[in-house]
Structures are given as structure tokens and as C-alpha cells.
Amino acid sequence: MTQPDLSLALSRLRQAAPLVHNITNQVVANVTANALLAIGASPAMVLAEQEVGEFVRLTAALVINLGTLTAPQRDAMLVATAAAGEAGVPWIMDPVAAGATAFRKDTALQLLARGPRVVRGNASEIMALAGQAGGGKGVDSAHRSDAAREAARQLARQSGAVVAVTGATDYVTDGTAMLAIANGHPMLTRVTGTGCTATALIGAFLGAGLDGMQAAVAGLAVLGVAAEQAAPLASGPGSFQVALLDRLYGLEGAELAGRARISPV
Amino acid sequence: MTQPDLSLALSRLRQAAPLVHNITNQVVANVTANALLAIGASPAMVLAEQEVGEFVRLTAALVINLGTLTAPQRDAMLVATAAAGEAGVPWIMDPVAAGATAFRKDTALQLLARGPRVVRGNASEIMALAGQAGGGKGVDSAHRSDAAREAARQLARQSGAVVAVTGATDYVTDGTAMLAIANGHPMLTRVTGTGCTATALIGAFLGAGLDGMQAAVAGLAVLGVAAEQAAPLASGPGSFQVALLDRLYGLEGAELAGRARISPV
Amino acid sequence: MTQPDLSLALSRLRQAAPLVHNITNQVVANVTANALLAIGASPAMVLAEQEVGEFVRLTAALVINLGTLTAPQRDAMLVATAAAGEAGVPWIMDPVAAGATAFRKDTALQLLARGPRVVRGNASEIMALAGQAGGGKGVDSAHRSDAAREAARQLARQSGAVVAVTGATDYVTDGTAMLAIANGHPMLTRVTGTGCTATALIGAFLGAGLDGMQAAVAGLAVLGVAAEQAAPLASGPGSFQVALLDRLYGLEGAELAGRARISPV
């Protein structure tokens, strides 16, 4: 598994400025739109079942996030992912709290069958989708990311999607190869929506034409490196969130490539 | 009425890291999630009628906020509060703009009958629920909090809930005893969702096992003291909001106990 | 066309503190509420079809934003704008991505027929509503604002609304006269919801009693000048957003009048 050329990936993203369609949750919609703008993509949040099928054909990538799932939103997600499949628009799923309720898990599995290019979750979410017990109760994981490496491999094989499991160390696998990304900062766990931001950034790299493995590694490395740069500028989670957007915007390719800690597992 | 040991309350909250389930409004969902993370709780925003009953049983406390009420959200709130009642999960209601429309007031009264542990509102909202005329038009109160002290006592007696009425001075009552919390800063009125943040923080203290009076006093003191610390760091409402999250995160128990101005009324 | 007295307009807004009712999108609800509070208005986000007609009669102005349109939201918008028309409450429409889908364009045209006082969009959105081809795909415009000046004039004549088309230079027209506002900063394009914020600020000036032309010019000048002041204080889009709210709050009338670059076209 060759590692992606992160500097090239970032410059491709910024040149393409891909239109990224998000059907996401109310908590993070603003934050992920701002992260996408900061890194150089063009976000759109279009939600209605009446138009998502038409809209997704205009876009470079689709991000599906189950955070504040409702029945009408589930229906819109099914329409949008079907249209994305037909139109060849790559998409990523974020199965927020997939193990917490039947409604959430059923929806996640239904979407999984539609062929996302990438699935990104925390350890509990990935374990729940892989059929392993021990899912977390809420949006925070009950497990370290290491504990979900085999579940991630298994889920990737079952689904055909690249699976990214994030935590103190992030892991990305296509079911065979696995790469670890050892960037990031604990302050990421004290701001809401940083996992969702990781998902959106991977979506932006998919929209710039990277394949699933490369997009996942690039998205997670970008967030991790920007977080490392932001943390020393911050006095707490409020100023960290501000600095994180500033660093996503200011991040240079050489810096990214130099600071990323990616290794095979 | 003994005053709560605020330092102990804060350390209990941070050790418990309670999972706090929010069915709240679109305007403040991000801000209240971040405030809950900053103080040390674990927020979740789960909204669908199909799953809130299942989900609330996993949580330590439930926060119900009527800010951007819709009919499907009202239905989900009724399911969630019924399940919370059965499972013994304490919950708090924030009756945003309860006096402004019949839909809002009817929903608030319907929820009130289900036994919230605490109700927190501004003077106009509490007066509206207590059946007194003179409610505000929007989300900002038309009255000072002092004017709603008797309405708060009356509402507490009628409902069995602890009632918190917030403003320049906050008041908390169980229908008999009343405590005043004289912390805070005028800049809190220039940032959206600070009242909702107060409600969420009280919810976190309920989730940490405090009773209604203690949780309400602790939540309001935490927000008031953090606001006093944030204000000198800010140049306006944008930087105030950032500093407020930083201070919620950095707030120490001894500081909180030393700066809180709590007195019987 | 006389230019508005911006200093007077700002002091009228701050004295009136108008209650501005927003039916807006999930991405920007928090940001626009904070911008309205920062400039001195009182925002409310009330969404349900069951109550918007009752609520809008209590307010000074209504802001309709199609960003995350859904069918229930469209229905609420139709009820609210009908009630606003009956009660004489001025309202503004922001036709986000109006050219992207049939659902969005149909809704925008249906609302346009109800008589908004002002319509504000980017070049692609205004061209789409005026029946010209070449609309943008997403929320970002595919055209410079200059290219939409004739479309804006035409749309104003067709609809009777004042039309504001925003971009590097903003243009405001009643179908005959046209004013250009040459304030602003490129960083506005790297933060989500700045167009929606412009719309909300214009709504606040409508709520303070200004006519459509004056309100549109005042709202756009306020945002542009505040952005110019915020940019040198910022290290990127995160800190720019914070500084922008601080500057909206701190902006003085004389400063605004002195820095605004308004000219007839």
C-alpha cells in the first residue's frame, strides 16, 4: 500500500474546489460547512427528498451523516445515495451512534448496502456495523480505536467500502491493507463535530478525484495536522475550534506532508 | 435551604461525564453541545420519534428545549419524556417563547404535566406558564427576572418541578425555598443560546446525580462565573462566546465556589 | 436616488431593537441570530406551520431563507408570508441556490409572487429567478455580481421587490435606480452564511422602518464595513468569523458612514 502524496492531494483539492453535498446533522452543519470552505471545497447542504436526487448529480461528492437522523431525512438519504450510485458520484457515510438504537443501525446498514466509497466512524460505531457487540451509548466511543481494527477490516470486506476508524490513532483499511494515521490532539474530543468534520474532509478529497484509501488518509491527516497546529494557539475548546478553522485554511502541502505520521499496520 | 457544595458538584460532574440527551433547537444545538463537552459532560442530540424512547433509557439526563418546535419534534418530546419518566431519567424543560403562540404554550403545558425535574426560562416564559399575563413576544424577556419570582414559586407548586427564572439575577425555587444567583454578565444577552446553555448545564448536573435545586443552582452559577471570567477577555459577542467555552472548560471548583454569589430570598 | 443616512439608520436600528422572525436554514441559524444580536436586533427562529402565522404578527420583519428547504418548511413559509402580507410586516427572501433544482426554483417563484420587500442573492441566484440561464450549481455563484445587474433590474421590475445582488461589489436596485456598495472582503467567501447574514441584516433594517432600497444599502454597507474591519484582526476564516461579530457589535455610525463606498450605477 503506497501512501498518498499529501501535498499533491491538497493542491488537487484546492484547484478543483469540489462541490460537496452534505446531508448531515443539525449540530455540525455550520462547522462542517466552514471546514469545507476553509480547506478549499464548496459545501452545499441540500436536504429535501424532492430535490436531493436532482442535486447530487451536480456535485463532486456526497456526505451522509446520521447524527440527527429523522424519517424524512432517511428517505432523502436513500434517494440521494441511489442517485449518486447512478451518476457515479462518490459518497461517504458517517454512522453516528449506529449502535445506540435499532432505527439508527437499520438505516446505517440499509445505506451500507448502497455502496459508499468510505465509511468513517469511531470504534463503537464501526464495531456495531460489523456486527460486534459493545457499541457505545452515545456519540462518544466506548472503545479505543485499536480495538476496532479487526472490525474495520471485516466491515470493509463485507461492504466493499474503505473503512476509517478514528480515535487517538486513526486506521484506514480496504479490507486487506491498513494504514495508521497518528496525528491529532486530545482537544478534538472536547469540540463537537470533529469526527463529522473528518468525514466531510474525506468527502472533499473524494470530490477531488482521490480513491477511497487515499481520500480517507488525506482527510484524516489534514485534520490531525491542523489540530496539532491549532492546539498550542488555544486556551480551551472555544479558541481551539477557531484556530482549527484558521489552520485548515492556512495549511500548506509541504507542512502537511512533513508532519503527517502515516504507517502501515 | 442549604446551598450546594459547588466544588463537589463540579467534580462529580466531571467524574461522571454524564450522557446528556438533548432534543433542542437548531439555533443552539452546536453551542449547547460544545458547552456540555467543555464542562465535562457527553452530549447527544437524538431527535426522531422512532428512537428517542429507546435512546433516553441509555442516558443520564434529558434536555427538552422548545426553541424551534415543530409537530414531529413535539411528538418526539412526548415519547422521550414518557420514556424518561418510566426509566427514572431526570429531565429539564426550556419553554422558549412559551407565551408567544398557542402551539408553543400548549406543548409546554403538556410537557409540564409529565414531570420535569426542573423548568428554566426567562421572566416572560415563566409568567406565561404560571398563567400570568405579560409574556414577551419573542425569545427575549419583556420583564426583569425579579418580576417573575412569585410566578416561579407558583409554577413550582403547581407542577412539582424546581423552577429557575434567569435574568440579571437568577432565582431558583422548589415552591417554598428560593435562592438567588447573582453572577453573570450583560454580554450573555448579546450571544444567542446562553439561556439554552444554562438549561443544558443544569441538565448535566441532573445527570451527575444532583437534585433539582442543587442542579439548577450549580448550572446557573457555573455559567455566571464563566461569563464573568470570559467578559474581560472579549472584544465583543464573537470573542465572548469563544472565551465562554474556554472558561467552562478551564473552570476550577475552588474558583467556582469562591466567586458564586448565592443567597436565600 | 439619494443615499441613505447610514449613521441615522444604525441608530434607528439600535433604538428599535426590532424583533426579526427568521425561517432560515440549519447551517446559518446560529450565525445569523448572533449577527442580529450583535447589530442590536432581537432574533427569533420560529418554524412550525402551526404557529408562524400567529407569530409573524408580533414581529417587525420576517426573513425567509431557502438554504435547507424542506416541504414542511415551504408550507410554513407560505403561511408566514401570507400573514406578513396581511399584517403589513415587511419581509425579505434569500433564494439560496434557486437555480439548482426545480423544487427550489418553484418555491422561490411562488414566494416572489407574495411580495417580498427585498430579494437578496448572488449573481447566479438572481439570474435564475429573472429567467436567465447560467445559474450556479450550489450555493456559490458561477458569475460575478456585475454580470447580474441587468437581471437584477429586470427581476425588480417583474416582482416589485428591491433586488440586491451581492459579490465583490454589491448592487441594489428598485428596477430603475441602482446603487453599488463597494465594501467587503474576500474572506467573506470563506465563511459559510455571510450571504445569509447580509439578508438578515437587511431584514433588521426593514424592521427598523427603512424602505427596501435604504434597508438593503444599509445592511450591505454594515456587513461590508464590519468585514473590512474584521479582516486585519483575523488569521483565517475561524478568527474572521469571531472578529466579524465583534465588529458588528462595536460598529459606530460615524465609522460606518465614513467607510461606506456607495455610488450610483
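Residues numbered from 1 in each chain as written. Chains lettered and ligands numbered in written order. Predicted model: local features only at pLDDT ≥ 70, side-chain atom pairs only at ≥ 80, totals over all residues. Heavy atoms only, no water.

Per an unreviewed UniProt entry, the recorded name for chain A is Hydroxyethylthiazole kinase, and the organism is Roseomonas marmotae. UniProt annotates chain A under Catalytic activity (unreviewed entry) with the comment "5-(2-hydroxyethyl)-4-methylthiazole + ATP = 4-methyl-5-(2-phosphooxyethyl)-thiazole + ADP + H(+)". (UniProt positions renumbered as here; feature names shortened; annotations may be inferred.)

1. A short note on the environment of Ala-180 of chain B
All names here are of chain B. Within the secondary structure, Ala-180 sits in strand β8 (residues 178-181). On the basis of relative accessible area, Ala-180 is assigned to the buried category, the value being 9%. Remark: the alpha-carbon pair of Ala-180 and Arg-104, spanning 76 residues in sequence, is separated by 28 Å. The contact partners of Ala-180, leaving out residues within four places of it in the chain, are Thr-169, Asp-170, Tyr-171, Arg-261, Ile-262, Ser-263 and Val-265. (Helix = DSSP H or I, 4+ residues; strand = E, 2+ residues; numbered from the N terminus. Buried < 20%, exposed > 50% of the residue type's maximum accessible area, 1.4 Å probe, protein only. Contact = heavy atoms within 4.5 Å.)

2. Topic: the pattern of salt bridges
All names here are of chain A. For the coordinates displayed, the defined rule picks out 24 salt bridges over all chains. Among the salt bridges present, the one from Glu-150 reaches Arg-153, with a minimum N-O distance of 3.0 Å. Of this pair, Glu-150 and Arg-153 both sit in helix α7 (residues 149-159), three residues apart, which is roughly one turn of that helix. Glu-150 gets classed as partly exposed once you look at its relative accessible area, which sits at 49%. Residue classification places Arg-153 among the buried residues on the basis of a relative accessible area of 14%. (Salt bridge = Lys/Arg side-chain N within 4 Å of Asp/Glu carboxyl O.)

3. A short note on the interface of chain A and chain C
Contacts between the two partners involve 24 residues from chain A, matched on the other side by 30 residues from chain C. In total, chain A and chain C occlude about 2,300 Å² of area from one another, counting both sides; carbon and sulfur atoms represent 59% of this. Contact with chain C buries surface across chain A, with Leu-37, Glu-51 and Tyr-249 of chain A losing the most and accounting together for 22% of the total. The interface formed by chain A and chain C holds one salt bridge in total. (Buried area = accessible area lost by both parts, 1.4 Å probe.)

4. Some remarks on the relation of the copies chain B and chain A
Least-squares fitting of chain B to chain A yields an RMSD of 0.0 Å, with the superposition described by an axial translation of 0.0 Å and a rotation of 120 degrees. Such a combination of turn and shift is consistent with a three-fold rotation axis. Relative to the rotation axis, the C-alpha of Gln-26 of chain B is the closest in chain B, positioned 3.5 Å from it. By residue overlap, the copies meet through two different surfaces: only 8% of the interface positions of chain B are interface positions in chain A. (Least-squares fit on C-alpha atoms with pLDDT ≥ 70 in both.)

5. Some thoughts on the relation of the copies chain A and chain C
You can overlay chain A on chain C at an RMSD of 0.0 Å; the transform is a turn of 120 degrees with a shift of 0.0 Å along its axis. Comparing interface residues between copies, only 8% of those in chain A also lie at the interface in chain C; the contact surfaces differ.

6. Structural notes on the UniProt feature "binding site: ATP" (unreviewed entry) in chain A
Residue and element names in this part refer to chain A. Following the UniProt record, one finds the feature "binding site: ATP" (unreviewed entry) at Arg-120 and Thr-166. A maximum C-alpha distance of 7.4 Å places the annotated residues, which cover 47 residues in sequence, within one compact spot. Within the element layout of this structure, Arg-120 appears in strand β5 (residues 118-122). Residue Arg-120 is classed as buried on the basis of its relative accessible area, which comes to 4%. Polar contacts involving the side chain of Arg-120 include one to the side chain of Thr-166, which spans 2.6 Å. As for its placement among the helices and strands, Thr-166 is situated in strand β6 (residues 162-166). Excluding its chain neighbours within four sequence positions, the residues that come into contact with Thr-166 are Arg-120, Gly-121, Asn-122, Ala-123, Ser-145 and Leu-220. (Polar contact = N/O pair within 3.5 Å; in protein donor to acceptor, adjacent residues only side chain to side chain.)

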